[in-house]
Amino acid sequence: STTTIILGLVLSNIHTSQVTAEVELVSDTSGGGRAATNGTSFLVKDAPIPAGSSLELLAGNKVVLETTDAIRVDCSVADKLSGTLSIMEIT
């Protein structure tokens, strides 16, 4: 049986001026025939988000995660980015 997971990520700027956002896939997965292990990949880097605006990422795209992998979000200004991650698992 196959399981499909669909992710959606919305980042909202709650600051009074533009901020930049980074979203990374952080993997500590090793083995399984992978050439590179324990890697970090940027899904978006230095993306500008104007004040009061949102950025939608991963909508309908496939990102394969292992159980110990993580999605990390960072903002150029501390505590000025609000995020919502939705996960739909289809079995």
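Residues numbered from 1 in each chain as written. Predicted model: local features only at pLDDT ≥ 70, side-chain atom pairs only at ≥ 80, totals over all residues. Heavy atoms only, no water.

A.B. asks: What is the right way to look at the nonpolar core in this model?
C.D. replies: Here is a general trend for soluble globular proteins: nonpolar side chains tend to be buried in one another's company. Grouped together as the largest cluster of nonpolar side chains are 15 residues, with contacts concentrated most on Leu9, Leu11, Val23, Ile49, Leu57, Leu58 and Leu81. Taken together, the elements giving at least two residues each to this core come down to strand S1 (4-13), strand S2 (19-26) and strand S3 (40-49). With 4 residues, the top contributor of residues to this core is S2. In this structure Leu9 touches Val23, Leu55, Glu56, Leu57, Leu58, Val73, Thr84 and Leu85, once residues within four positions along its chain are discounted. (Core = buried A, V, L, I, M, F, W, Y, C linked by side-chain atoms within 4.5 Å. Buried < 20%, exposed > 50% of the residue type's maximum accessible area, 1.4 Å probe, protein only. Helix = DSSP H or I, 4+ residues; strand = E, 2+ residues; numbered from the N terminus. Contact = heavy atoms within 4.5 Å.)

A.B. asks: In this structure, what is going on with the environment of Pro50? I would like to understand it.
C.D. replies: Following the sequence through the fold, Pro50 ends up in the loop between S3 and strand S4 (54-57). Residues Pro50 and Thr16 lie 34 residues apart in sequence; the distance between their C-alpha atoms is 8.7 Å. Residues in contact with Pro50, not counting those within four places in the same chain, are Asn13 and Gln18.

A.B. asks: Please clarify how the pattern of salt bridges should be interpreted in this entry.
C.D. replies: If the charged atoms of two oppositely charged side chains come close together, the side chains can form a pair. According to the stated counting rule, one finds 3 salt bridges in the structure shown. Between Glu22 and Lys45 there is a salt bridge, with its nearest N and O atoms 3.0 Å apart. Separated by 23 residues along the polypeptide, Glu22 in strand S2 and Lys45 in strand S3 bring together distant segments of the chain. Residue classification places Lys45 among the partly exposed positions, given a relative accessible area of 45%. One salt bridge connects Arg72 with Glu24, and the closest N-O pair in it is separated by 3.0 Å. Residue Arg72 is found in strand S5 (residues 70-75), and its partner Glu24 is found in strand S2; the two are separated by 48 residues along the sequence. When salt bridges with common partners are traced through the structure, they connect Glu22, Lys45 and Asp46 into a single cluster. (Salt bridge = Lys/Arg side-chain N within 4 Å of Asp/Glu carboxyl O.)

A.B. asks: I would appreciate a short explanation of the sheet that holds S2 in the present structure.
C.D. replies: Note on sheets: strands pair through backbone hydrogen bonds, and any given pair is parallel or antiparallel. Strand order across the open sheet formed by 3 strands is S3-S2-S5, with antiparallel pairing between neighbours. Of all the strands in the sheet, just S3 and S5 have a single pairing partner and so form its edges. Between one strand axis and the next, the sheet turns by 15 degrees as a mean value, whatever way the strands run. Here S2 runs beside S3; their pairing, made up of 7 bridges, is antiparallel. Residue Glu24 lies in a different strand from S3, and its bridge partner there is Phe42. (Pairing = 2+ DSSP bridges. Axes fitted to C-alpha atoms, helices over the stretch in contact; angles between N-to-C directions.)

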